[in-house]
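Residues per chain are reported as follows:
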Amino acid sequence: MPKSSPPFDFHLLLLLTVISTAGAWPVTQQFKEAPQFYNSLSCPKVAGEDKDGFLCSDQAVHVAMTLDSAYIRGSMAAILSVLQHSSCPQNIAFHFVASATANASLLRATISSSFPYLNFQVYAFDDSSVSRLISTSIRSALDCPLNYARSYLADILPSCVNRVVYLDSDLVLVDDIAKLSATQLGDHSVLAAPEYCNANFTYYFTPTFWSNPILSLTFVNRKACYFNTGVMVIDLGRWRQGDYTKKIEEWMEIQKIMRIYELGSLPPFLLVFAGNIVPVEHRWNQHGLGGDNFRGLCRDLHPGPASLLHWSGKGKPWARLDANRPCPLDALWAPYDLLQTPFTLDS
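Reading the values: rules and limits
Residues numbered from 1 in each chain as written. Predicted model: local features only at pLDDT ≥ 70, side-chain atom pairs only at ≥ 80, totals over all residues. Heavy atoms only, no water. UniProt positions renumbered as here; feature names shortened; annotations may be inferred. Salt bridge = Lys/Arg side-chain N within 4 Å of Asp/Glu carboxyl O. Helix = DSSP H or I, 4+ residues; strand = E, 2+ residues; numbered from the N terminus. Buried < 20%, exposed > 50% of the residue type's maximum accessible area, 1.4 Å probe, protein only. Pairing = 2+ DSSP bridges. Right-handed = clockwise from strand over helix to strand, strands pointing away. Disulfide = S-S within 2.5 Å. Polar contact = N/O pair within 3.5 Å; in protein donor to acceptor, adjacent residues only side chain to side chain. Contact = heavy atoms within 4.5 Å.

Looking up the protein chain in an unreviewed UniProt entry gives the name Hexosyltransferase, with the organism given as Hibiscus sabdariffa. Under the UniProt heading Subcellular location (unreviewed entry), the entry covering the protein chain gives this text: "Membrane".

In structure tokens, the structure reads:
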């Protein structure tokens, strides 16, 4: 049973305001406390009496997300959606990755204020090494070093975490994340994600790539299909054993020498994994709701059921709602928005 919201936290709002004026936070944002959600009677008990034990437990559902000031509103909505639709919300361990230059104390305070019962940890991502490998892409947001943190989860998260569901911040779940986490990876696969084999795979790489007699052989004997890296189930143990971070970095180094792709952190994942992943039902990533990377126009859902709605692309639902120019499907994101507006601070 959800507990009632606490009184308005003036001190947290004051903290956000001070940091905003110092330039570390783009706007003053105050978030409401979310209801508390409880396990059903059939949920297994997660081993680990303390926080560290819980965050290492193989019985927990481990979720990894990035945290930053630009997307914090989306992250809060995503967290709420995960908890609200989980049959065992108290068995979820959240692993948040933030830039080492970010105000981690503020990020932790923001999460704790809205989710005081949440099992989570914030990890610092030293993006200095990846920054030197990043090439400019078709949209500046894709060039943010934190966008590449998903390639380093095996190094950032504790070695005791063996499996994780990675989620972008511009999505909401409408189904139980435990179903996605339970995806069978077989004997050898490192990750699972919805594949889209009808997409034009050649589009994700430049003519320079396809015309190179060596590089163009990369996908020979691989049934390579596009997959979106905003929703992935990853076996971190196998990732570490195969040193896949190094494999991704090697492709980024080639990109610095000759331009072989345009789309940020996605193409290196395709180069390393496309054709070798476990396909997941499309319902687990109804992506593209943010439109394309240039105009962010409104889009419809793909045919079929939906368990996860993903506003990948330029248009974000919170920005369109604030501008009073929402797309029809943005109304599906709005119920998870925890932003405390000036008109409801005293409610």
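What follows continues from the structure just given.
Time to look at the pattern of salt bridges. Per the counting criterion, the structure on display carries 8 salt bridges. For the salt bridge of R320 with D330, the shortest nitrogen-to-oxygen distance reads 2.9 Å. Placement of R320 in helix α12 (residues 317-322) and of D330 in the segment after α12 is noted, with a sequence separation of 10 residues between them. Grouping residues by exposure puts R320 and D330 together as buried. A single network of salt bridges, built from pairs that share partners, joins R73, D322 and D337.

Below, the discussion takes up the pairing of strand β3 (residues 120-125). Two strands pair when backbone bridges link them, and strand β2 (residues 92-99) and β3 are joined in this way by 6 bridges, in the parallel orientation. Its bridge partner lying in β3, F96 is registered against V122. You can see the chain leave β2, run along helix α4 (residues 104-114) and come back into β3, and the turn it takes is right-handed.

The next subject is the state of the cysteines. Scanning all chains against the criterion turns up 4 disulfides. A sulfur-sulfur separation of 1.9 Å characterises the disulfide bridge that pairs C197 with C225. One quick way to see it: the torsion about the S-S bond of C197 and C225 is about 100°, and its sign makes the bridge right-handed. Taken together, the residues C197 in the loop between β7 (195-196) and α8 (207-211) and C225 in the loop between α8 and β8 (226-227) connect sequence positions 28 residues apart. The exposure class of C197 is partly exposed, given its relative accessible area of 39%.

Turning next to the environment of L329. Tracing the chain through its elements places L329 in the segment after α12. On the accessibility criterion, L329 (16% relative accessible area) is buried. Taking C-alpha positions, L329 is 7.7 Å from L289, a pair spaced 40 residues apart along the chain.

Within the secondary structure, T183 sits in the loop between α7 (177-181) and β6 (191-193). Looking at T183, the relative accessible area reads 14%, which means it is buried. Here L180 takes part through its backbone oxygen, which lies 2.6 Å from a polar atom of the side chain of T183. Sequence-distant contacts of T183, defined by excluding residues within four places in its chain, comprise R163, A192, V233, V278 and V280.

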